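Coordinate analysis (summary)
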Amino acid sequence: MWIDDDRLTQEDFGIGTYPKKCPICGKDSIHLLMYRHSEMSTNGACWIWCSSCEKYSHMNVTIPDWWDNYNRLGSDKLFASPEHNIDDERENIDKWVNKLINEKVDTPKEEPKSINDDKTLYVIKINTQKILTEEKAELAAQLCRCDKEQAINMIENHGFELYPMPAADISLVKKELECKKFNFTVSPEYKW
Ligand SMILES: [Zn+2]
């Protein structure tokens with residue numbers, strides 16, 4: 001049973017990595033979620049809860065600048081007690097919060113000015129799919145660096161991940177794949 005417990009209001013949110021140590025039961029299962037009421041507002045709500053001992057605190061807070069709402073739970077899915085929705089999402093919420101905290105530490109981050117300044121390495125994954133045309137088989141062989149039959153087998157059985165490439169190269173490969181109507185994904189998310 002979930003019990004509101006004021007001892008959790010002391011949580012120093014915005015530092016460290018979630019889940020954090022619970023001041024009540026000692027387990028590493030403290031989670032945090034905030035909700036900004038509107039984009040321009042600093043008013044919002046905060047939940048701090050322990051998924052082990054089921055203590056929680058729900059309060060109104062001033063939302064810090066670095067916070068972005070977790071978009072898988074809109075205001076209609078948020079209730080005072082974590083047992084409704086938010087505790088079920090705790091792993092994803094932890095990831096979300098940790099990401100926001102990490103980015104906060106890293107800011108200000110300069111965006112690369114052009115595709116050639118982007119030092120990120122991107123990976124294209126050709127998703128599992130049937131290769132039905134000769135054109136596709138040829139490109140597949142070229143990208144997988146093997147003969148057509150092997151390339152077709154690989155892609156049809158489990159897809160194929162290409163070597164990490166800088167943005168400038170990725171944009172060329174991406175164009176070719178699009179042109180031949182391949183189904184593929186680029187990670188980290190392709191920006192250009
Ligand atoms: Zn606890």
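Just so it is clear, the structure is predicted and the values come from calculations on it, not from any experiment. The numbers attached to residues start from 1 for each chain and follow its sequence in the written order. Selection of residues for local features in this predicted model requires a pLDDT of at least 70, selection of side-chain atom pairs for listing and counting requires 80 or more, and totals for whole chains, interfaces and linings are taken over all residues.

Focus on the overall build of the protein chain
Put simply, the rule reads: By definition, any uninterrupted DSSP run of H or I lasting at least four residues is a helix, any uninterrupted run of E lasting at least two residues is a strand, and each is numbered from the N terminus. Note on method: radius of gyration uses C-alpha positions; expected globular size equals 2.2 Å times residues raised to 0.38. Whether a residue is buried, exposed or partly exposed is read from the other C-beta atoms within 10 Å of its own C-beta, which are placed from the backbone; 20 or more gives buried, 12 or fewer gives exposed, and intermediate counts give partly exposed. Residues are defined as contacting one another if the C-beta atoms placed from their backbone atoms lie within 7 Å.
Scanning the protein chain from N- to C-terminus turns up four helices and nine strands. Scanning the protein chain from its N terminus toward the C terminus, one meets helices and strands in the order β-β-β-β-β-α-β-α-α-β-β-α-β. Relative to the 2.2 N^0.38 estimate, which gives 16 Å for 192 residues, the radius of gyration of the protein chain is 23 Å and therefore markedly larger than a compact globule would have. Each of the three principal axes of the protein chain carries a C-alpha extent, and together these read 65 × 40 × 30 Å. Taken across its 192 residues, the protein chain has 19% of its residues classed as buried. For the protein chain, contacts bridging at least 24 residues in sequence account for 59% of all contacts bridging at least 6.

Let's talk about the domain arrangement of the protein chain
Operational definition: Where each domain starts and ends follows an automatic or database-derived domain assignment.
Here the protein chain is partitioned into domain 1 (3-106) and domain 2 (115-187). Between domain 1 and domain 2, the C-alpha centre-to-centre distance is 40 Å.

Some words on helix α2 (residues 134-144)
Short version of the rule: The directions considered for the arc run from the helix axis to the C-beta atoms.
Those residues of α2 not exposed but buried are K136, L139, A140 and L143. The buried residues of α2 occupy one face: seen down the axis, they fall within an arc of 105 degrees. Residues E134 and Q142 are exposed on α2 and point more than 90 degrees away from its buried face. For α2, the secondary structure elements touched by its buried residues are α3 (148-158) and α4 (167-179). In the segment just after α2, R145 is the residue with positive phi, at about 55 degrees.

Here's the deal with α4
Note the following rule: Take the residue count of a helix, subtract one, and multiply by 1.5 Å to get its expected span.
The end-to-end C-alpha distance of α4, which contains 13 residues, comes to 18 Å, matching closely the 18 Å that a straight helix rising 1.5 Å per residue would cover. Those residues of α4 lying buried are A167, I170 and L177. Around the axis of α4, the buried residues are gathered within 80 degrees of arc, so they sit on the same side. Exposed side chains of α4 directed beyond 90 degrees from the buried face belong to L172, K175, E176 and C179. Contacts from the buried residues of α4 go to β6 (121-126), β8 (165-166) and β9 (184-187).

A short note on the nonpolar core
Using the following cut-off: Here, a nonpolar core means buried Ala, Val, Leu, Ile, Met, Phe, Trp, Tyr and Cys residues linked by C-beta atoms lying within 7 Å of one another.
Counting 16 residues, the largest nonpolar core has I30, L32, L33, W47, I48, W49 and Y56 as its most contacted members. Looking at this core, the elements with two or more residues in it are β3 (28-36), β4 (43-50) and α1 (90-106). When neighbours within four sequence positions are excluded, L33 is seen to be in contact with W47, Y70, I86 and I93.

A short note on unusual backbone geometry
Backbone torsion omega between Y18 and P19 reads 0 degrees, so that peptide bond is classified as cis. Within the secondary structure, P19 sits in the loop between β1 (3-4) and β2 (20-21). Phi at N85 takes a positive value of approximately 75 degrees, unusual for a residue other than glycine. Residue classification places N85 among the partly exposed residues on the basis of 15 C-beta atoms within 10 Å.

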